[in-house]
Structure formats: C-alpha cells, structure tokens
Amino acid sequence: MNRAERLHAAVGCIDERYLALADITDKEIMNMKTETKGISRKKLARTAILAAVIAVLLTVGAYAAGSGSAGMWTSHDTRSYKRLPTAAQCVEDAGYIPVLVDSFKNGYAYAGGNVRVHRAYDADITLTEQTRGFSFKYEKDGDSVSFDQSVSFSDKVIMDGEPAATVGGMEIYYSRMLYKLVPDGYKLTEQDVADRESGKVVFSYGDKDDAVEETVVTSAQWRKGDRFFILQQLNGALDEAGLVDMAREAAMQLTASGE
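Residues numbered from 1 in each chain as written. Predicted model: local features only at pLDDT ≥ 70, side-chain atom pairs only at ≥ 80, totals over all residues. Heavy atoms only, no water.

A word on the overall build of the protein chain. Across its full length, the protein chain holds seven helices and nine strands. Here the protein chain holds 259 residues, and the buried ones make up 47% of them. Long-range contacts, defined as pairs at least 24 residues apart, comprise 66% of the intrachain contacts of the protein chain with a sequence gap of at least 6. For the protein chain, the accessible area works out to roughly 12900 Å², and carbon and sulfur atoms hold 49% of it. (Helix = DSSP H or I, 4+ residues; strand = E, 2+ residues; numbered from the N terminus. Buried < 20%, exposed > 50% of the residue type's maximum accessible area, 1.4 Å probe, protein only. Contact = heavy atoms within 4.5 Å. Areas by Shrake-Rupley, 256 points an atom, 1.4 Å probe, with all protein chains shown as cover.)

Okay, here's the thing in structure tokens:
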C-alpha cells in the first residue's frame, strides 16, 4: 500500500457519519467557529478530522491505513494545557516527556495543547491497542502549526514524503499533499486520475451540493525508536524550508536531552 493509498484509506472516513468516532463535538465546532468566522460547520468538521487523520497515521500505522486485521481507530483529547506543561505534568498525564518548546526561533509561539488518546480496534471492534500522545499548537501572525508527538502502535509505520534533513541520526521527511473534496457524482478528469494515481492529490466525495474544496497539507515528520513526531500545517504560510527548520530545531532539542 503506497502513500496515496494509505492516506486515501484513512481520509475515506471523513464523512458526517463518522463525527462521533472522531470525537468532534458541537462545543469544539463552536470553539473553532470563534477562531475562523465565516466557515461552515461541515467544513470545520471535515478540516478538523482531516488534521486528526493525518496526525494519527503516524501513531497507529497500519491500523489507520485500513490493513487486514484492523477494524477502526479513534482518538480524543483528555487533558488540556493553556500553558506549556512541565516535564513532570507530562509524565503524570502520558507516562513520558515530549519535546517541549515554548517558542520557535522563527516566532511561532505556544498557543495551547492537550493529551490525545488513540485507540485501535480489530475487525470485531475489540480494543487492541491504546496509547497517549501530545498535540501542541503554535501561532504567529494568525498562522498556526500543530506539533503532534506520540508512541506508535505499529513497527510498520512508513514516513510520508522525502528526506529533507538529518539530525542526530534522525531523518526528517517533508511531505506536501493536496486533499480535494468533490461533490457526489463528480467525474474525475484525466488530469484528476493522473494526480490521484501519482499520489499528488487525495480525492474524497461529499454531498451532491457541495462545492469543490481544496486543502494543502504540509508536514515535517521524524521518528526516534517507537516515538513519532509531526509538525503539520493545513493551508499554512510556511514553505518547505520554514517547516523543516522548525522540525530540525525540535529534533535537536530531543538529541540534546540525551533520550
């Protein structure tokens, strides 16, 4: 299963029927509305789920990609942090110390975070795995970057994208992908088919009255042992160099800590 197929398998669940599984509540939708006025509830929900899908792909590996033994995955947030948590808090809440960055050198500063619980279920919907991770948000001039860190369920996780930098033996991969939501009944053009097959674009179908919506997803990701890290933007302002530099800075902190 290649990159496009794995991501398509995961984002194929982006539908109103799966909002409960993704734990996108009405309260969370309202909170997002206050930050992004003028965007519909449906689009907010899809965008939120898309972000969660991409982040969780690193965590649950083959489970999220819909591999043979998997039934489904879910995730939800438990503990929220208005301020950057201390190492002691993180150990108490999730059992390990993540990379803690108050602000990056390029000016993106901590704007909130939480502990995220991921669960994987088999084909009989029996809970098979559970792990905790952290999701931190950084902002600068109205632009945001998410920094997700977790322990993986699977040793089969493959990094998306192409190698962009190396820090302390850790390879940082950069990925850029276009997610395109099209209305039910939309007929793919020859170019659409070519883009889908190449992995450049992931298509998902919505309702027949939906307009075409495009979301550019960029990420810088790396791993160390069973821990995975991803800096991610949806329609963000950072180019490849900017996002990879942030990843390099975080990875260097991980190396300096001796972990």
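With that settled, consider the environment of Val-202. By the secondary structure assignment, Val-202 is in strand 7 (residues 201-205). On the accessibility criterion, Val-202 (2% relative accessible area) is buried. Residues Val-202 and Asp-192, 10 residues apart in the sequence, show an inter-C-alpha distance of 9.5 Å.

The next subject is the nonpolar core. Grouped together as the largest cluster of nonpolar side chains are 34 residues, with contacts concentrated most on Phe-147, Trp-222 and Leu-231. The biggest single contributor to this core is helix 7 (residues 240-256), with seven residues. Counting five residues, the second largest nonpolar core, distinct from the first, contains Leu-178, Leu-188, Val-201 and Phe-203. (Core = buried A, V, L, I, M, F, W, Y, C linked by side-chain atoms within 4.5 Å.)

Now for helix 7. Helical geometry note: an α-helix holds 3.6 residues per turn, so side chains three or four residues apart project in the same direction. The end-to-end C-alpha distance of helix 7 is 24 Å, a good match for the 24 Å that 17 residues give at a rise of 1.5 Å each. Listing the buried residues of helix 7 in full gives Gly-242, Leu-243, Val-244, Met-246, Ala-247, Ala-250, Ala-251 and Leu-254. Where helix 7 is buried, its residues meet strand 4 (143-151), strand 5 (162-167), strand 6 (170-182), strand 8 (213-224) and strand 9 (227-234). (Expected span 1.5 Å × (residues − 1).)

Moving on to unusual backbone geometry. For Asp-141, which is not glycine, the phi torsion reads 50° and is therefore positive. Positionally, Asp-141 belongs in the loop between strand 3 (127-140) and strand 4. The exposure class of Asp-141 is exposed, given its relative accessible area of 77%. Residue Asn-235 is not a glycine yet carries a positive backbone phi of 55°. Examined against the element boundaries, Asn-235 turns out to sit in the loop between strand 9 and helix 7. Look at Asn-235 and you get partly exposed, because its relative accessible area is 48%.

Counting across every chain of the model gives seven salt bridges. The residue Glu-139 makes a salt bridge to Lys-137 at a minimum N-O spacing of 3.3 Å. Classification of Glu-139 by relative accessible area gives partly exposed; the value is 36%. Here the residues in one salt-bridge network are Lys-180, Asp-192 and Glu-214, joined through shared partners. (Salt bridge = Lys/Arg side-chain N within 4 Å of Asp/Glu carboxyl O.)

Taking burial as the measure, the five residues of strand 7 include four buried ones, the bulk of the element. As paired elements, strand 6 and strand 7 share five bridges and run parallel to each other. Bridged to Leu-181 within strand 7 is Ser-204. (Pairing = 2+ DSSP bridges.)

Before going further, it helps to examine the packing of aromatic side chains. Under the defined criterion, the tally for this structure stands at seven aromatic pairs. Consider the rings of Tyr-96 and Phe-134, whose centres lie 5.4 Å apart with planes at 80°: the pair is edge-to-face. Here Tyr-96 is found in the loop between helix 5 (87-94) and strand 2 (109-122), whereas its partner Phe-134 is found in strand 3, with 38 residues between them in sequence. Looking at Tyr-96, the relative accessible area reads 14%, which means it is buried. Accessibility expressed as a relative area gives 1% for Phe-134, which makes it buried. Taken together through their ring pairs, the aromatic side chains of Tyr-96, Phe-104, Tyr-110, Phe-134, Phe-136 and Tyr-138 make up a single cluster. (Phe/Tyr/Trp six-rings, centres within 6.5 Å; stacked < 30°, edge-to-face > 60°.)

Without other data, these values stay purely geometric and don't point to any function.
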